[in-house]
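Residue-level listing of the chains:
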Amino acid sequence: MRRSVLLVPVAGGGLWSVRSGGVRWICGFTDETALARFALHHASGEQPVDYAALLGARIVDEIVPALGEPAGLAVDIATEDGSMFFPPVVGIVPDTAAVDAGTRAAQAGPGAPDTGADAVGADGDAGADANGREARA
């Protein structure tokens, strides 16, 4: 996932995301066919869907931490039996954005090495479209 280029729909000046289970999920797609399946269910009419091509690593290392809330990456959510979810946990996102970072640190004990990466800036403003979906990441 980290080395893959993902197609992320753009809406309202930001990346398309949804909230589910207390987590904000940035939605990415492995190819235009997977994105088209998604667009059939979530885009309005026959309008084309704008998207950004981003490395998976950029999404989880830069964009997710900049959101300031529990966030993860959902890949190919409109693909039956092919969806993948990368939750905001240690080993997927930087420790500073992981919801289980405190739990892992407590289990590791004092003096455990800090393996988290530093996040660099990304615009994390959230907004919702007319259907109540998160429209910007």
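First things first, this report covers the structure right here in the doc. (Residues numbered from 1 in each chain as written. Predicted model: local features only at pLDDT ≥ 70, side-chain atom pairs only at ≥ 80, totals over all residues. Heavy atoms only, no water.)

## As for the packing of aromatic side chains
Line of reasoning, step 1. Within the structure shown, the criterion is met by three aromatic pairs.
Line of reasoning, step 2. Consider the rings of Trp25 and Phe85, whose centres lie 5.4 Å apart with planes at 85°: the pair is edge-to-face. Of the two residues, Trp25 is situated in strand E4 (residues 23-28) and Phe85 in strand E7 (residues 84-86); the sequence distance between them amounts to 60 residues.
Line of reasoning, step 3. Where Phe29 meets Phe38, the ring centres are 4.9 Å apart and the plane angle is 40°; that geometry is what we call tilted. Exposure class is identical for Phe29 and Phe38. Each is buried. (Phe/Tyr/Trp six-rings, centres within 6.5 Å; stacked < 30°, edge-to-face > 60°. Helix = DSSP H or I, 4+ residues; strand = E, 2+ residues; numbered from the N terminus. Buried < 20%, exposed > 50% of the residue type's maximum accessible area, 1.4 Å probe, protein only.)

## Examining helix H1 (residues 32-42)
Line of reasoning, step 1. Those residues of H1 that fall on the buried side of the exposure criterion are Ala34, Leu35, Phe38 and Ala39. The buried side chains of H1 occupy one side of the element, clustering within an arc of 140° when seen end-on. Residues of H1 that are exposed and point more than 90 degrees away from the buried face comprise Thr33, Leu40 and His41. (Arc of directions from axis to C-beta.)

## What to know about the pairing of strand E3 (residues 17-20)
A regular strand places its side chains so that they alternate between the two faces of the sheet.
Line of reasoning, step 1. Of the strand pairs in this sheet, E3 and E4 are connected by four bridges, and their pairing is antiparallel. Bridged to Arg19 within E4 is Arg24.
Line of reasoning, step 2. Hairpin connection between E3 and E4: a loop of two residues separates the two successive antiparallel strands, and Gly21 in this loop has a positive phi of roughly 60°. (Pairing = 2+ DSSP bridges.)

## Brief notes about the environment of Ile59
Line of reasoning, step 1. Looking at where Ile59 falls in the secondary structure, it is placed in helix H2 (residues 56-66).
Line of reasoning, step 2. The buried category is assigned to Ile59, whose relative accessible area is 0%.
Line of reasoning, step 3. Contacts of Ile59, omitting those with residues within four sequence positions, involve Leu6, Val8, Ile26, Leu54, Val64 and Leu73. (Contact = heavy atoms within 4.5 Å.)

## Let's talk about H2
Line of reasoning, step 1. Listed as buried for H2 are Gly56, Ala57, Ile59, Val60, Ile63, Val64 and Pro65.
Line of reasoning, step 2. Elements in contact with the buried residues of H2: strand E1 (5-11), strand E2 (14-15), E4, strand E5 (51-55) and strand E6 (71-75).
Line of reasoning, step 3. Downstream of H2 by one or two residues, Gly68 has phi in the positive range, about 70°.

## Re the nonpolar core
Where a protein is soluble and globular, its nonpolar side chains tend to be buried together.
Line of reasoning, step 1. Among the nonpolar cores identified, the biggest contains 18 residues, and Ile26, Ile59, Val64 and Leu73 are the most heavily contacted of them.
Line of reasoning, step 2. Among the elements of the structure, E1, H2 and E6 are those that each provide at least two residues to this core.
Line of reasoning, step 3. A per-element tally of this core places H2 first, with four residues.
Line of reasoning, step 4. The next biggest cluster of nonpolar side chains, apart from the first, holds seven residues, and it includes Leu7, Phe29, Ala34 and Leu35. (Core = buried A, V, L, I, M, F, W, Y, C linked by side-chain atoms within 4.5 Å.)

## Let's talk about the sheet that holds E5
Line of reasoning, step 1. Strand order in this open sheet of three strands is E2-E1-E5, and the pairing throughout is antiparallel. Looking at which strands have only one partner, the edges of the open sheet turn out to be E2 and E5.
Line of reasoning, step 2. Pairing of E1 with E2 involves two bridges; the strand directions are antiparallel. Bridging across to E2, Val10 finds its partner in Leu15.

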